[in-house]
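Coordinate analysis (summary)
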Amino acid sequence: MCDFPFFSLVCTGEIFELKAELNSDKKEKKKEAVKKVIASMTVGKDVSALFPDVVNCMQTDNLELKKLVYLYLMNYAKSQPDMAIMAVNTFVKDCEDPNPLIRALAVRTMGCIRVDKITEYLCEPLRKCLKDEDPYVRKTAAVCVAKLHDINAQLVEDQGFLDTLKDLISDSNPMVVANAVAALSEIAESHPNSNLLDLNPQTINKLLTALNECTEWGQIFILDCLANYTPRDDRESQSICERVTPRLSHANSAVVLSAVKVLMKFMEMLPKDLDYYGTLLKKLAPPLVTLLSAEPELQYVALRNINLIVQRRPEILKHEMKVFFVKYNDPIYVKLEKLDIMIRLASQANIAQVLAELKEYATEVDVDFVRKAVRAIGRCAIKVEQSAERCVSTLLDLIQTKVNYVVQEAIVVIKDIFRKYPNKYESVIATLCENLDSLDEPEARAAMIWIVGEYAERIDNADELLESFLEGFHDESTQVQLQLLTAIVKLFLKKPTETQELVQQVLSLATQDSDNPDLRDRGYIYWRLLSTDPVAAKEVVLAEKPLISEETDLIEPTLLEELICHIGTLASVYHKPPSAFVEGSRGVQHKRLPGSAGSADSPDTGSAAGVSEAPPAVIPSQGDLLGDLLNLDLTPPTTSGPPPAPSSGMQMGAMDLLGGGLDSLVGLLHLGGDLGGSPAMGAGFGAPPTAMPASFPPPVSGGLDDLFDLGGSVGMPMGAYSPPKSIWLPAMKAKGLEISGTFARRAGVIQMEMTLTNKAMSIMTDFAIQFNRNSFGLAPAGPLQVLTPVGPNQSIEVALPLSTVGPVMKMEPLTNLQVAVKNNIDVFYFSSQYPISMLFVEDGKMERQVFLATWKDIPNDNEAQFQIKDCHLNSDAASSKLQGSNVFTIAKRTVEGQDMLYQSMKLTNGIWVLAELRVQAGNPNYTVSTVS
């Protein structure tokens, strides 16, 4: 409180008075002035004008004053880099001060001043501090290396600071070891392939020795480092576990969670029949239970971590069910998390206790909590078969309470119980039907409709019940409409004579009066099935359904392994890998538990071992933007050679395709068009790609410029221009599949060159591809050759040869290509635009006499003219480069110092394009005239 008067300066703003006080000969007055400056800075006032005066105050023996000046320096050095150099000499001097506190203060401030100009001056003082006799200075210098590496990584490597940091791991002081580990870990995260932390048994032993003596945060750094080590065998794993176990009793919850992370990882290598394995399981439970006695916020973090641990090793807490019983004063977020863990721990031994608790929770006043409790009862029935009858009885008791939201949740979970145990508890249907009128939530209505449709033969008035829903069909949600459609079709197949009018009514509503594509598609499918083959319809609609799994909400195993390796971090709270929420996380590595790398022989892997040579056909959903794909023959083409030449019929229809001759093509060749690159899906025509590799700058104009290789020499000097790859299908829109690609013309064959990247957690196989009809008849000339499964975080390069004999339909824009890609997960759609230069064929050089006659015969109205800017090639170089993309120079003449190139090109569909290119020496702008 004694410094409060300093903050009154904000109102007065006496900068000049402060300047005089800072230059005073009296030390006390000078110190008071610096305090006032810091106070102003703290409340957001700009006092950077006083920078030289404050820096002059650095030359003092007073530690308090020096700290204040250093604080000011850290704040303003970046905005005053030239002035900050004045402080370098003082830093160097302070790093040799007899007082270790001042030496440490100087090196700490050096690390915080993020100014490139002065970093090189600080290398020598930092080197001395790293080898200082005082451990406090050494530990501070270790952290400074990490900060300096963030500013200038090359400088740190050149100066040998990384080697010095590695040496500090063997330091005698545990805090120096901890800080060295923290600094190396920080640097290693941004350079994952650098292998800075070369962990070996000797290093691990040093870290474990330091673990017992350093501070709590030092222990966390060391434990996190240990978690990245993979022991050689189970004996070493047991030895490390024995030395880490005492950390479980630490008062700091972060230390406890870091120790749990290490133990969870190393337990993977211990044989389960080992006595120590059972002992370790027992030792892990008490610290986790203790974490639940902390504040609600810490409880929540602990519960999120325990949720992961229970999914991996439920035996750790199987005897601790009571700890997770909800207290009346728990916040809702703690209650819901405890509820989830209770279900995961539910077993035949404790199910009676759990059900009694859940039934009690269902009478609470918190609606969200009650809903979750009712759902939890249903999950218990599915998980523990012996308890199913008791769970159903409990749910019926809750339905009798007639509390609306309780009844609705109960009906939703009873539907799942019917799916799990068919033909076992159908006697309760009558009770459910009594509450039909009270249902107003879409999920509950859909569940009830499913029950009526599934067991229509057991419900006498099933048709009346479903007809009551049909009256307000258009007001229902999509979920209810889809369920109602299926239920009535089921009813018709079971009682055809009584419900013919009802099924016609619902099919008419779904197909003719609805604008929902999903509903319309399902309606058409049912209609066609029923009208063509009722027997097949019965086999499809009334087929025996697979039982639902015991746990539908378990985290996927590979993701769970990664999250276990991140216990005690944000990833374990979000239940997402770091790469999902850390932007620009180049250093984020996917971690796996030891011993599990070889256990990835999942069913997916087995099925992917023999990928079929002819992938299954792509069947897109109707109503999609690419719904026209339904009209295509979706079996892959059998030809695998180069595409055949276009037929004469194609040439005859070419003019009709393009409307008024080549107007559309000419418009495309204009600067607004895009010969240079394929915009990513969703980009406007002519827009640059939304994602482009860092090594390629974006095209200058996107027009013919790219054929002259203005985009940074991407194309080969004498070959056809090929734009850089851009992202066509982002992973977030394709369940983890990312497709980037480009188009190229190689040896007369058009190729679609793609990179398929799997950013999901499961293996991808069975790839197939299909194109929609397009302007130039582009179609795959063979199947998509992905012969090996694509694992998580793997990429594969694929070159798909294209033919030009596919179905033709004019697109807008002209070079738009709509694509469907299928794999074992789903069918995905995207569109891309190919450079029209890919369509220029190799025999596009016209005879001179034919060229002259054709040029004269074409009316002037068919001519289009436009500019190509900033092209610094002479006419010969331009001609040579264009010839690489099959734009042939027929003749050249020079008029008044201007070169005029007459050129021809021929498209794959037989259309000829003639052009005149004017090149003025010294003028970087070309004029192009095209006729057709």
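Everything below is about the structure printed above this text.
These remarks concern the structure in this document. None of these values were measured; they are calculated from a predicted model.

Notes on helix H8 (residues 100-112)
Taking 1.5 Å of rise per residue, 13 residues should cover 18 Å, and H8 covers 18 Å from first to last C-alpha, within 8% of that figure. When H8 is considered as a whole, its buried residues turn out to be Ile102, Arg103, Ala104, Leu105, Ala106, Val107, Thr109, Met110 and Gly111. Contacts made by the buried residues of H8 are with helix H5 (63-76), helix H7 (88-94), helix H10 (123-130) and helix H11 (135-151). Between a side-chain oxygen at the N-terminus of H8 and the backbone nitrogen of leucine 101 the separation is 2.9 Å; the capping residue is asparagine 99.

Regarding the sheet that holds strand S10 (residues 888-895)
In spatial order, the strands read S9-S13-S12-S11-S10; together these 5 strands make up an open sheet with antiparallel pairing. Across the chains shown, the open sheet's two edge strands, defined by having one partner strand only, are strand S9 (864-868) and S10. If you compare each strand with its neighbour and ignore which way they point, the axes differ by 20 degrees on average. Direction of pairing for S10 relative to strand S11 (residues 898-906): antiparallel, over a ladder of 7 bridges. Counted as the bridge partner of threonine 894 is aspartate 899 from S11. In the packing of helix H39 (residues 848-857) onto the sheet, the strands contacted are S10, S11, strand S12 (912-920) and strand S13 (926-931), and the crossing angle to S12 comes to about 90 degrees.

Regarding helix H31 (residues 517-532)
Its 16 residues give H31 an end-to-end C-alpha distance of 22 Å, which sits within 8% of 22 Å, the value for a rise of 1.5 Å per residue. Those residues of H31 lying buried are Leu519, Asp521, Gly523, Tyr526, Leu529 and Leu530. On the buried face of H31, the contacting elements are helix H29 (478-494), helix H30 (500-511) and helix H32 (534-541). The opening residue of H31 is asparagine 516, an N-cap whose side-chain oxygen sits 2.9 Å from the backbone nitrogen of aspartate 518.

Comments concerning the pairing of strand S2 (residues 737-746)
Among the 10 residues of S2, 9 are classified as buried, and the element is accordingly described as predominantly covered. Taken together, the 3 bridges between strand S1 (residues 726-729) and S2 define a ladder with antiparallel strand orientation. The partner of leucine 729 across the bridge, within S2, is isoleucine 739. Across 10 bridges, S2 lies against strand S3 (residues 749-758) in antiparallel orientation. Bridge assignment links isoleucine 739 to a residue of S3, and that residue is leucine 756. Counting the residues that bridge the hairpin from S2 to S3 gives 2 residues, and of these alanine 747 lies at a positive phi of roughly 55 degrees.

What to know about the sheet that holds strand S4 (residues 768-771)
One open sheet accounts for 3 strands, arranged S4-S7-S8; its pairing is antiparallel. This sheet does not close on itself; its edge strands, each paired only once, are S4 and strand S8 (827-833). This sheet shows a mean twist of 25 degrees between the axes of neighbouring strands, independent of strand direction. Both strand S7 (residues 816-822) and S8 contribute to a ladder of 7 bridges, which runs antiparallel. In the sheet register, lysine 822 faces S8, and the bridge partner there is valine 827.

Topic: the pairing of S11
Of all 9 residues in S11, 8 are buried, a share of seventy percent or more. What sits between S10 and S11 in their antiparallel hairpin is a turn of 2 residues, with glutamate 896 showing a positive phi close to 50 degrees. Bridge count between S11 and S12: 9 bridges; the pairing is antiparallel. Residue pairing in the sheet places leucine 901 in a bridge with leucine 917 of S12.

A short note on the packing of aromatic side chains
Applying the stated criterion to the full structure yields 12 aromatic pairs. When the centroid spacing of 5.5 Å and the interplanar angle of 90 degrees are considered together, the rings of tyrosine 300 and tyrosine 333 count as edge-to-face. Remark: tyrosine 333 occurs in helix H21 (residues 332-345) and tyrosine 300 occurs in helix H20 (residues 296-312); sequence separation between them is 33 residues. Tyrosine 300 gets classed as partly exposed once you look at its relative accessible area, which sits at 24%. Accessibility expressed as a relative area gives 34% for tyrosine 333, which makes it partly exposed. Consider the rings of tryptophan 855 and tyrosine 902, whose centres lie 6.0 Å apart with planes at 85 degrees: the pair is edge-to-face. Taken as a pair, tryptophan 855 in helix H39 and tyrosine 902 in strand S11 lie far apart in primary sequence, 47 residues in all. Using a relative accessible area of 12% as the deciding quantity, one classes tyrosine 902 as buried. Taken together, the aromatic side chains of Trp728, Phe743, Phe830 and Tyr834 make up a single cluster linked through ring pairs. The aromatic ring of phenylalanine 369 is capped on one face by lysine 335, whose charged end is 5.2 Å from the ring centroid.

Calculation criteria
Residues numbered from 1 in each chain as written. Predicted model: local features only at pLDDT ≥ 70, side-chain atom pairs only at ≥ 80, totals over all residues. Heavy atoms only, no water. Helix = DSSP H or I, 4+ residues; strand = E, 2+ residues; numbered from the N terminus. Expected span 1.5 Å × (residues − 1). Buried < 20%, exposed > 50% of the residue type's maximum accessible area, 1.4 Å probe, protein only. Contact = heavy atoms within 4.5 Å. Polar contact = N/O pair within 3.5 Å; in protein donor to acceptor, adjacent residues only side chain to side chain. Pairing = 2+ DSSP bridges. Axes fitted to C-alpha atoms, helices over the stretch in contact; angles between N-to-C directions. Phe/Tyr/Trp six-rings, centres within 6.5 Å; stacked < 30°, edge-to-face > 60°. Lys NZ or Arg CZ within 6 Å of the ring centre and 35° of its normal.

Taken by themselves, the reported measurements are silent on function.
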